[in-house]
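Letter by letter, the chains look like this.
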Amino acid sequence: MESLSKGLTKVEVALKWDPSPHGAPGMDLDLVAAVFTLRDPHGAPAYVAYFDHRAPDGTITLNRDSRTGQGLGFDEVMVLELNRLSEAYGRVAIGVVIQQNGGHRTFADVREPGIRLCEGYDELGPVDFTNVAGATAAVVAEFRRGEEGTWGYRPTVQGYDTELPDFLTLLRGKPEAS
């Protein structure tokens, strides 16, 4: 029997923050997407998409990349075309990393950080950085391919005190207990 649910197909992840006060160093936050195989959803990522690294198959694109938070609306926008991902992939973890140029900075130092996760006009859920205020990076969402091949959303907010290279390892996550 065929399922009536088509699952998630095309998801937009939008990140915003307010610029630093006049005279203070600018804040640079980055969206990161790590794609894992269905066979090993918590192993090494098959690939990672972020500011200078694109998805090799064009299914994940970063449409906006801000280094300061200046501008109207959302500062970084990433689109995930889950319906186009190869059947070999089964998990996509989304993270936010604060660039540590100019000293140790945490989410508590970022003015009004926010994320919008949506598919079309449907918001998938709020993401709140309050519980990770002391972190420099956070996993903010996870998308998983179900047994029927459809993609679903799993809300998660987990903070880490790390920089980009080490954060990529942390995106692996921990397998859930059976």
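Check the entry above for the structure.
Residues numbered from 1 in each chain as written. Predicted model: local features only at pLDDT ≥ 70, side-chain atom pairs only at ≥ 80, totals over all residues. Heavy atoms only, no water.

### Brief notes about the nonpolar core
General note: in soluble globular proteins, nonpolar side chains tend to be found buried as a group. What counts is decided by this rule: Only buried Ala, Val, Leu, Ile, Met, Phe, Trp, Tyr and Cys residues count toward a nonpolar core, and they belong to the same one when joined by side-chain atoms within 4.5 Å. Under the scheme applied here, a residue whose accessible area is under 20% of the maximum for its type counts as buried, over 50% as exposed, and between as partly exposed, the area being computed with a 1.4 Å probe on protein chains only. Comment: elements are numbered from the N terminus, with helices defined as DSSP H or I runs of at least four residues and strands as E runs of at least two. Residue contacts are defined here by distance: any two heavy atoms, one from each residue, within 4.5 Å place the two residues in contact.
With 36 residues, the main nonpolar core has Val 92, Ile 94 and Phe 143 as its most contacted residues. Counting residues per element, the ones that place at least two in this core are β1 (10-18), β2 (29-37), β3 (47-49), β5 (76-81), β6 (89-98), β7 (111-119) and β9 (137-145). The dominant element in this core, judged by the number of residues it contributes, is β6, at 5 residues. Setting aside residues no more than four positions away along its own chain, Ile 94 makes contact with Val 13, Leu 31, Val 32, Ala 33, Leu 80, Ala 138, Val 139, Val 140, Ala 141, Phe 143 and Leu 171. Among the nonpolar cores identified, the runner-up in size contains 13 residues, and Val 32, Ala 34, Ala 93 and Leu 164 belong to it.

### So, the sheet that holds β2
Pairing between the strands of a sheet comes from backbone hydrogen bonds, and it takes one of two forms, parallel or antiparallel. Cut-off, in case you're wondering: Think of it this way: DSSP has to see at least two bridges between two strands before they count as a pair. The axes are straight lines fitted to the C-alpha atoms, using for helices just the contacting stretch, and the angles between their N-to-C directions are given from 0 to 180°.
Here 5 strands make up an open sheet; going across it, the order is β3-β2-β6-β9-β10 and the pairing antiparallel. At either margin of the open sheet sits one strand with a lone partner, and together these are β3 and β10 (151-160). When the angles between neighbouring strand axes are averaged without regard to direction, this sheet yields 20°. Relative to β9, β6 runs antiparallel, the two being bridged by 7 bridges.

### Concerning the pattern of salt bridges
Two side chains carrying opposite charge are able to pair once their charged atoms lie near each other. Definition in use: Think of a salt bridge as a Lys or Arg side-chain nitrogen and an Asp or Glu carboxyl oxygen that are within 4 Å of each other.
The tally for this structure, following the rule as stated, stands at 5 salt bridges. Arg 84 is the salt-bridge partner of Glu 81, the closest N and O atoms lying 3.2 Å from each other. One salt bridge connects Glu 142 with Arg 144, and the closest N-O pair in it is separated by 2.6 Å. You can call Arg 144 partly exposed: its relative accessible area is 28%. In this structure, a network of salt bridges that share partners links the residues Arg 91, Glu 142, Arg 144 and Arg 154.

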